[in-house]
Amino acid sequence: MGEGRSKRLFIWQNGQIVPLEKATVNVLTPAVLFGANVFEGLAAYWNSKEEELYCFRFADHFKRLFESLKIMRMAVPYTIEDFFSFTSEAIKANKFREDIHLLQVVYVDDIAGLFRQKKFGMYIAAQPHMHLFDTTKGIHCCTSTWTRISDGSSPPRVKSGPNYQNSRLASLEADAKGFDWAVILTNRGKVSEAPGACLFMVRKGQVVTPPVTSDILESVTRATLIELFSKERRMPVAEREIDRTELYVAEEVFLCGSGAEVTPVVSLDRINIGDGKIGPATKRIQKLYFDVVRGNHKGYSEWRVPVYKS
Ligand SMILES: Cc1ncc(COP(=O)(O)O)c(C=O)c1O
């Protein structure tokens, strides 16, 4: 719990700040019955020296939200500026002075018909950052026996609740088998991503990540790392298909996302990646990433949107 914040969590829902327990959705809506929603998830980092909370790449997350809405034939009458103003309200209502995670969910709120979608609701939740993994340690992954959803059935570039059933199957299987997390393959047998994070490998000195056509969510963190590798490390990232066995013989593998941050993978299917320790490229990009998101790096200020001084 951060300093100065009340224990009660407040949520922004349809224009009102309400206590969490009062933020409700009708059980007969397609939102509840079919998970008819699209959403965004991003992190904001607390900079204690500057006494400021920075939302990371807010506009880029909202460009993705608008793409998800467009593909799902949904619409809301809000601009990116509106989203930022509503999100700031949700953060300020909770007086957060710590790293947080933000969720902005647009849902189908129309009980007239199960497949209708004329009325939409929206809620915005700010919660303490879950820091999915201890990123100073490497995680052990398995290759999932589940196949990644694909563009022709449930498009992975849409960030929607139902797409996470595929991620849940893979995560629950990994957990049942004693692994930390999973790597999921496309229906063509190529590496796609982890249940809630994109994947990079370093192979023969080259940084590689699957392309956006490998059934991945078009991750903002992935785009960030591609830019940081190229600008700060002079290591252009190759976006190409990756075979499963390439990961076994890679020097380094790591995952990335707003929740996963930069998480090293030290083994896959009980085969060590490299020497089974966190590799040098992973360590350096991880440090760079944390410095940039928290505002300890002087560059990239356009990616950090201050909440309290805005
Ligand atoms: C399936 C999936 N892939 C990738 C990511 C990473 O995306 P981002 O970096 O935009 O958080 C996420 C994050 O939520 C995800 O759920």
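Residues numbered from 1 in each chain as written. Predicted model: local features only at pLDDT ≥ 70, side-chain atom pairs only at ≥ 80, totals over all residues. Heavy atoms only, no water.

Participant: Even after reading the chapter, I still don't get the overall build of the protein chain, so can you show me in this structure?
Facilitator: Regarding its fold elements, the protein chain presents seven helices and 16 strands. In summary, the protein chain has a C-alpha radius of gyration of 20 Å against a globular reference of 19 Å for 310 residues, a match within 12%. A sequence separation of at least 24 residues applies to 69% of the contacts in the protein chain between residues at least 6 apart. Carbon and sulfur atoms form 54% of the exposed surface of the protein chain, whose accessible area is close to 14200 Å². Treating the 41 positive side-chain charges of the protein chain as one cloud and the 36 negative ones as another, the clouds have centres 0 Å apart. (Helix = DSSP H or I, 4+ residues; strand = E, 2+ residues; numbered from the N terminus. Rg over C-alpha atoms; globule rule 2.2 N^0.38 Å. Contact = heavy atoms within 4.5 Å. Areas by Shrake-Rupley, 256 points an atom, 1.4 Å probe, with all protein chains shown as cover. Lys, Arg positive; Asp, Glu negative; His and termini not counted. Charge placed at Lys NZ, Arg CZ, Asp CG, Glu CD.)

Participant: Whenever I open this one, the pairing of strand S8 (residues 181-185) confuses me. Can you help?
Facilitator: Along any regular strand the residues' side chains alternate between the sheet's two faces. The element S8 is largely enclosed, with a buried count of five among its five residues. The side-chain alternation of S8 yields two buried faces, one formed by Trp 181, Val 183 and Leu 185 and the other by Ala 182 and Ile 184. As defined by bridge partners, strand S7 (residues 139-147) adjoins S8 across four bridges and the pair is classed as parallel. Across the sheet, Cys 141 pairs through a bridge with Trp 181, a residue of S8. As for the winding sense of the linkage, the β-α-β connection from S7 through helix H4 (residues 164-176) to S8 is right-handed. The pairing of S8 with strand S9 (residues 191-193) spans two bridges and is classified as antiparallel. (Buried < 20%, exposed > 50% of the residue type's maximum accessible area, 1.4 Å probe, protein only. Pairing = 2+ DSSP bridges. Right-handed = clockwise from strand over helix to strand, strands pointing away.)

Participant: I would appreciate a short explanation of the site of the ligand in the present structure.
Facilitator: In the region of the ligand, 16 residues are neighbours, and Lys 159, Tyr 164, Ser 219, Thr 221 and Ser 258 sit closest. Within the side chain of Arg 64, a nitrogen or oxygen atom sits 2.7 Å from an oxygen atom of the ligand. Within the contact set of the ligand, a nitrogen atom lies 2.8 Å away from a side-chain nitrogen or oxygen of Glu 193. Residue assignment for the shell around the ligand shows that the elements contributing at least two residues are helix H2 (58-71), helix H5 (220-233) and strand S13 (252-257). Split into classes, the residues belonging to the shell around the ligand amount to seven nonpolar, six polar and three charged. (Near = heavy atom within 4 Å. Polar contact = N/O pair within 3.5 Å; in protein donor to acceptor, adjacent residues only side chain to side chain. Nonpolar A, V, L, I, M, F, W, Y, C, P; charged D, E, K, R; others polar.)

Participant: For this particular structure, what's the right way to read the pairing of strand S6 (residues 120-128)?
Facilitator: Pairing analysis gives three bridges linking strand S1 (residues 10-13) to S6, with the strands arranged antiparallel. When the bridges of S6 are listed, Ile 11 appears paired with Ala 125. In this structure, strand S5 (residues 100-108) lies alongside S6, joined through nine bridges in antiparallel fashion. Bridge pairing in S6 places Leu 102 opposite Ala 126.

Participant: How should I be thinking about the domain arrangement of the protein chain in this particular structure?
Facilitator: Interfaces are frequently sized by the accessible area removed from exposure as the parts join. Domains assigned within the protein chain are domain 1 (10-128) and domain 2 (139-294). Centre-to-centre, using C-alpha coordinates, domain 1 lies 26 Å away from domain 2. Listed by partner, the interface residues are 22 residues for domain 1 and 21 residues for domain 2. When the two sides are added together, the surface that domain 1 and domain 2 hide from each other amounts to roughly 1800 Å², 59% of it contributed by carbon and sulfur. The largest share of the area that domain 1 buries against domain 2 comes from Tyr 45, Phe 56 and Arg 64, three residues that together contribute 36% of it. Taken together, the links from domain 1 to domain 2 amount to one salt bridge. The tally of links from domain 1 across to domain 2 stands at nine residue pairs in polar contact (both at pLDDT 80 or more). Broken down by element, the side of domain 1 that touches domain 2 gets its largest block of residues, 10 residues, from strand S3 (residues 37-47). Partitioned by chemical class, the residues of the side of domain 1 that touches domain 2 number 11 nonpolar, six polar and five charged. (Domains from an automatic or database assignment. Buried area = accessible area lost by both parts, 1.4 Å probe. Salt bridge = Lys/Arg side-chain N within 4 Å of Asp/Glu carboxyl O.)

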